[in-house]
Amino acid sequence: MKFGVIVFPGSNCDHDAFYAASQNLGQQAEYIWHDSATLGDVDAVILPGGFSYGDYLRCGAIAKFSPVMNAVRGFAREGGLVLGVCNGFQILVEAGLLPGALIRNRGLKFICRELRLRVGTSRSPFTSAAVKGQALRMPIAHGEGRYFADERTLDELEAEDRVAFRYIDNANGSLRDIAGILSRERNVMGMMPHPERATEPLMGSSDGLVVFRSMLEAAVRA
Amino acid sequence: MTATAITPELIAQHQLTPDEYGKIVAILGREPSYTELGIFSVMWSEHCSYKSSRLHLKKLPTRSELVVQGPGENAGVVDIGGGYVIAFKIESHNHPSFIEPFQGAATGVGGILRDIFTMGARPIAVMDSLRFGRLDDPRTGPRNRRVLSGVVAGIAHYGNCFGVPTVGGECLFEPCYDGNPLVNVFALGVCRKEDIFYARAAGAGNPVIYVGARTGRDGIHGASMASAEFTEESKQKRPNVQVGDPFMEKLLLEACLEAMRTGAIVGIQDMGAAGLTCSTCEMGSRGEVGIEIELDLVPQRETGMSPYEIMLSESQERMLLVSEKGREDEVFRVFRKWGLESAEIGAVTGDGKLRVRHHGEVVAEIPNRELADEAPLYDRPHGKPLRHAGDAPEFLPASVQEALPALLASSDVCSKRWIWEQYDYQVRTNTIAGPERTDAAIVRIKETGSSVAMSLDGNGRYSYLDPREGAKLAVAECCRNLATVGALPVAATNCLNFGNPERPEIMAQLVEAIEGMADACRFFGTPITGGNVSLYNETLGEGIYPTPVLGIVGLMKTAAPVTIPFKNAGRSVVLLGGLGGCNDTDFGGTEYAKVVVGRLWGLPPALDMDREKRVHDAMRAVLAENLAESAHDLSDGGLAVALAECAFGTAEIGAEIDLDSDLRPEMLCFHEGPSRILVSTAHPHRVAAIAAAHGVDAPALGVTIERGIEIRQRTMTLGSWDISSLKSVYCQALESHVK
């Protein structure tokens, strides 16, 4: 399987996503520069964490206009797997590939913390290797990660079983403890916690591998 | 352009003495122009020239088999094996951080990061050493809290966006830092040995290229500001503080590393203090060549800037580089890819001079070597170190039972989680041990399979009581911290924060601290590979405690670390190094003296370096045989505080210990004698044998237990505590102080 890791100016978890996919999952990975119009022959795309375009204007607000995002939209439309982590989640929301918004943390401060999540659904190519309700340990590291949407959207996400992860320890004040969500077609996922930072025991947790393994299984099946 | 007359007032405004001005005239063989005066004033400022400290800094050891580059470059470089090196340094940004805490601290991080990647190394870790005034002081507390919050937010803003983990540090509070906080930032990077770059110009005719942010009027005279005492007027110097853009710096990092890989770059230096002036003349001086630039070609943010302003601006996120002639386009292409502006602004010449043109007209022409390396050198008079601390006062000791929670709640001792959770300490997925998990932070080097441990330490109270011993104790504590994780110390960097060196009693503090540091660094095999001196840390004539801060790095194999908390009940609690001794005099610098007695007196704890080193060797031997389940060194607050901290893991495993000693209970539990590490082990006999082989005392104090902490002295209970309540005091204290 080949992962494509998008590199925006200001991405800073691109190397970590690449390392997790190539070293800890043992699959191929390549970087895709933000002004590329195509994605090449990748099986899945990762929008990594960081501060794309310096978070100017709003997190993810400028990245959505990057040439590569047109390619990502097309890839998603055709059913390709797209994972957005942290700033990547913010970009997916800004680009309209996922609903809602990510606003300043409840305490108005950046928080870096290892915390517990619960798997909201295993019915997705990102969580199929997990069990619904399973608790996972992963870190968060963000200043603007409080998931926010109107009641109708939240109800809809829940009714359609699209909440991929919920915080057990809700540090940022996300509505309904939402940590990660799926698109309606379930092939796009955004999450604020960093699965790539929890892919080997030395990092304190390997629980994030579940996301990568699920993607691998989905790619192999496809 | 009308020439500005060089009057004695103007010379004084530039903080140049008449003698120094005379030297300038002698070098030039004529009166300087206004621009030249500005250039000399920043290069010869204390901040850039080290004119008061240079003589004494020469006493520091700077070499070893592993040191690839010592002081004199942008950062020190040390060989870590496997074809790789680390580049690291610590720098202060004290003055700007007081005037404008957020931007002052942010640009402090930005400056040291540029120093690292200028060397070709990618930054992989940051730590910071912070000092503030007391948070709970009714008069100065509100401002101190504001400064603390601003500094932490500034460090977080810059480091998090840039993508470097802030993996550790220290933070202490004293009234002497009320008007003069300390913000010392350490950064470390890694690269292949053959990929190191130097800030050296070479090859007459090679183009000089400017890269990064445009030059504006910000930060003019920042270096001079850092070289004077603070007065009420200092607040008006807010415009002297630069504004940082970590996004621009991140682009600059990636672009510079990529441009370096083209092979077209000859030399490169960041524009930090004294901006374009410093980078041009230092690169020229190191390469023994001249540099000629045309200021019209310098990308500018504002119109109508004078040569003086352009040369002295400290706008952030700018680099100067020399490329091979004919290969400029390879360099320009990379910077264009990253959306950065770059411009050829001049060329290397063979005449050894810094020649600056503006609209074609020469506005400055100064020999590089004299400007960069012939700055005045002062052997300032130094008498006895300033010290007002008297003898031990009479005091009624608090019970150990009450004193422990009081110490755990003090802002010096309590958990700094409120600070470090605002920093991304994990980005780059190398952080094996981040803040408060171990005594030293550990970052793995993916490329070599080995890891680097690092620790910062400085104790102003000790150094005030005895600058020489205080500096030695800081070296010893750093090395001890490294030993607790099994790392072997290999090299150091220092940040010397002192008051006004023109006062003999302050100069004496500086001299003694340097000499003490030199002794200890020589003894522990940790040469100083670079660093920073920050003088004039005084506000309205009130100096800070002399605060030498050490950053020491060590090497170790990559493995899951042995952390601070006890892991299992029923293990032996062993104190490597023994209970130690203490008397009234040695007790005066402790946290107990500060928090419970409210005084500072006597001398710092006595250090026996030979014994200290044997304890480290024993600790490493214990870890090498996987005999320790936890390890934590004794420092601020002594044995009782260390014991409590070991109980604050998620499992909240406690201990009951019985101490066989004649010391008074408060001294026994809270004295800060060095050379001691608390270990829990399932193999006490093996640990004892290793300790004995190293000639180290290692009494078994007691056992770990499921819940609670109890300390007895020869069966008499001194205190017993519920862990959760102690832990909540420890964890919540800082946040409650800040709010």
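Predicted, not measured: the structure shown is a model, and the values here were computed from it.

Quick notes on the overall build of chain A
Next, step 1: Along the backbone of chain A there are five helices and eleven strands.
Next, step 2: Here the C-alpha radius of gyration of chain A, 15 Å, is about what a compact globule of 222 residues would show, namely 17 Å.
Next, step 3: If you line up chain A on its principal axes, its C-alpha atoms span 40 × 35 × 35 Å.
Next, step 4: Relative to its full complement of 222 residues, chain A shows a buried share of 63%.
Next, step 5: Here chain A displays about 8200 Å² of accessible surface, and carbon together with sulfur accounts for 49% of that area.
Next, step 6: Of the charged side chains in chain A, 24 are positive and 25 negative, and the gap between their average positions amounts to 5 Å.

Focus: the pairing of strand β1 (residues 2-7) of chain A
Residues and elements named next belong to chain A.
Next, step 1: Burial within β1 is extensive, with six of its six residues counted as buried.
Next, step 2: The side-chain alternation of β1 yields two buried faces, one formed by K2, G4 and I6 and the other by F3, V5 and V7.
Next, step 3: For β1 and strand β2 (residues 28-33), the ladder comprises six bridges, and the chain directions are parallel. Counted as the bridge partner of K2 is Q28 from β2.
Next, step 4: In this view, the connection linking β1 to its parallel neighbour β2 by way of helix α1 (residues 14-24) has right-handed handedness.

A short note on the environment of Y378 of chain B
Residue and element names in this part refer to chain B.
Next, step 1: Along the chain, the position of Y378 falls in the loop between α14 (368-373) and α15 (400-408).
Next, step 2: Separated by 124 residues in the primary sequence, Y378 and E502 place their C-alpha atoms 9.9 Å from one another.
Next, step 3: Excluding its chain neighbours within four sequence positions, the residues that come into contact with Y378 are T17, E20, K51, S52 and L55.
Next, step 4: One polar contact links Y378 to E20, side chain to side chain, over a distance of 2.5 Å.

Considerations on the pairing of strand β13 (residues 361-367) of chain B
Next, step 1: Strand direction decides the pairing type here: strand β12 (residues 353-358) of chain B and β13 of chain B, joined by six bridges, are antiparallel. Bridge assignment links V356 of chain B to a residue of β13 of chain B, and that residue is A364 of chain B.

Regarding empty space enclosed by the protein
All names here are of chain B.
Next, step 1: Here the structure, examined in full by the defined rule, presents four cavities of 30 Å³ or more.
Next, step 2: Size it by volume and the largest cavity reaches roughly 100 Å³.
Next, step 3: Along the wall of the largest cavity there are 16 residues; nearest its centre are L172, E174, N459, R461 and E591.
Next, step 4: Where the lining of the largest cavity is concerned, the elements lending two or more residues are α17 (460-465) and α20 (591-597).
Next, step 5: Counting residues per element, the lining of the largest cavity draws most heavily on α17, at three residues.
Next, step 6: Along the lines of polarity and charge, the residues of the lining of the largest cavity split into four nonpolar, four polar and eight charged.

Focus: the packing of helix α21 (residues 609-624) of chain B against helix α24 (residues 684-693) of chain B
Residues and elements named next belong to chain B.
Next, step 1: Interaxial distance between α21 and α24 falls to 9 Å at its minimum, and their mutual angle equals 145 degrees. Pair α21 / α24 crosses with right-handed handedness. For the pair α21 and α24, the contacting residues are A618, A621 and V622 in the first and V687, I690 and A691 in the second.
Next, step 2: Of the residues contributing to the contact of α21 with α24, the split by class is six nonpolar, no polar and no charged.

Structural notes on the interface of chain A and chain B
Next, step 1: Residue-level contacts link 26 residues of chain A with 29 residues of chain B.
Next, step 2: Counting the surface lost from both chain A and chain B, the interface buries some 2400 Å², and carbon and sulfur atoms represent 58% of this.
Next, step 3: Viewed at the interface, chain B and chain A are joined by three salt bridges.
Next, step 4: With its nearest N and O atoms 2.6 Å apart, the salt bridge here joins E200 of chain A to R444 of chain B.

Some points on the side chain of D633 of chain B
Next, step 1: Summarising the element assignment, D633 of chain B is placed in strand β23 (residues 628-633).
Next, step 2: For D633 of chain B, the contacting residues outside a window of four places in its chain are D439, E477, R480, N481, T484, A642, R676 and I677 of chain B.

A short note on the packing of α15 of chain B against helix α25 (residues 723-738) of chain B
Between two packed helices, what matters for the description is the angle formed by their axes and the separation of those axes.
All names here are of chain B.
Next, step 1: For the pair α15 and α25, the least separation of the axes is 8 Å and the interaxial angle reads 35 degrees. Contact residues: α15 offers L404, P405 and L408, while α25 offers L726, V729 and Y730.
Next, step 2: By residue class, the composition of the contact of α15 with α25 is six nonpolar, no polar and no charged.

Details of the packing of aromatic side chains
Each aromatic ring pair is specified by the distance between its two centres and by the angle formed by the two planes.
Residue and element names in this part refer to chain B.
Next, step 1: Summed over the entire model, instances satisfying the criterion amount to 19 aromatic pairs over all chains.
Next, step 2: A ring pair is formed by F523 and F524, whose centres lie 5.2 Å apart and whose planes are at 80 degrees; its orientation type is edge-to-face.
Next, step 3: Its relative accessible area of 28% is what places F523 among the partly exposed residues.
Next, step 4: Look at F524 and you get buried, because its relative accessible area is 8%.
Next, step 5: With a centroid separation of 4.9 Å and 40 degrees between ring planes, the pair formed by F648 and Y730 is classed as tilted. Taken together, the residues F648 in the loop between α22 (638-646) and β24 (654-659) and Y730 in helix α25 connect sequence positions 82 residues apart.

So, the pattern of salt bridges
Any two side chains of opposite charge can pair, so long as their charged atoms come close to each other.
Next, step 1: For the structure shown, the criterion picks out 69 salt bridges over all chains.
Next, step 2: A salt bridge links R166 of chain A to E158 of chain A; its shortest N-O distance comes to 3.1 Å.
Next, step 3: With a relative accessible area of 26%, R166 of chain A lands in the partly exposed category.
Next, step 4: The shortest N-O distance in the salt bridge between E324 of chain B and R327 of chain B comes to 3.7 Å.
Next, step 5: Its relative accessible area of 34% is what places E324 of chain B among the partly exposed residues.
Next, step 6: Judged by its relative accessible area of 24%, R327 of chain B is partly exposed.

Reading guide: rules and limits
Counting from 1, residues in each chain are numbered in the order their sequence is written. As a convention, the first chain written is A and the first ligand written is 1, with the rest following in written order. Local features in a predicted model are, by the rule used here, given only for residues with pLDDT of at least 70; side-chain atom pairs are given and counted only at 80 or more, and totals for whole chains, interfaces and linings are based on all residues. In computing side-chain properties, one takes all heavy atoms of the structure into account and sets aside hydrogens as well as water. Strands are runs of DSSP state E lasting at least 2 residues, helices are runs of H or I lasting at least 4, and numbering of each runs from the N terminus. The size measure is the radius of gyration over C-alpha atoms, and the globule rule it meets is 2.2 Å times the number of residues to the 0.38 power. When a residue's accessible area, from a 1.4 Å probe over protein chains only, is under 20% of the maximum for its type it is buried; when over 50% it is exposed; and in between it is partly exposed. Residue exposure ignores everything except the shown protein chains as possible cover, and the areas themselves are Shrake-Rupley values with a 1.4 Å probe. Asp and Glu count as negative and Lys and Arg as positive, but His and the ends of the chain are not part of the count. To locate a charge, the coordinates of NZ of Lys, CZ of Arg, CG of Asp or CD of Glu are taken. Should DSSP find at least two bridges between two strands, the strands are regarded as paired. With the strands pointing away from the viewer, any crossover whose connection runs clockwise from the first strand over the helix to the second is right-handed. Contact definition: two residues touch when any of their heavy atoms are within 4.5 Å. Identification of polar contacts relies on pairs of N or O atoms within 3.5 Å, with a donor-acceptor requirement for protein atoms, meaning one able to donate a hydrogen and the other able to accept it, and with residues adjacent in sequence counted only if both atoms are side-chain atoms. Throughout, the protein atoms alone are placed on a 1 Å grid, and a set of points is a cavity if a 1.4 Å probe fits but cannot get out or a pocket if it is open with protein on both sides within 12 Å along at least five of seven lines; lining residues have an atom within 4 Å of a point. Grid points are joined across faces, edges and corners, and a volume is the space filled by probe spheres set on the points. Classification used: nonpolar for Ala, Val, Leu, Ile, Met, Phe, Trp, Tyr, Cys and Pro, charged for Asp, Glu, Lys and Arg, polar for all others including Gly. To get an axis, a line is fitted to the C-alpha atoms, and for a helix only the part in contact is used. The angle between two axes follows their N-to-C directions and goes from 0 to 180 degrees. Crossing handedness follows the turn of the near helix against the far one: under a right angle anticlockwise gives a left-handed crossing, and clockwise gives a right-handed one. Once two parts are joined, some of their accessible surface, as seen by a 1.4 Å probe, is lost; buried area is that loss totalled over both. Only one rule defines a salt bridge in this text: a Lys or Arg side-chain nitrogen within 4 Å of an Asp or Glu carboxyl oxygen. Note on ring pairs: Phe, Tyr and Trp rings are taken, using the six-membered ring of Trp, and paired if centres are within 6.5 Å. Classes follow the plane angle, with under 30 degrees stacked, over 60 edge-to-face and the rest tilted.

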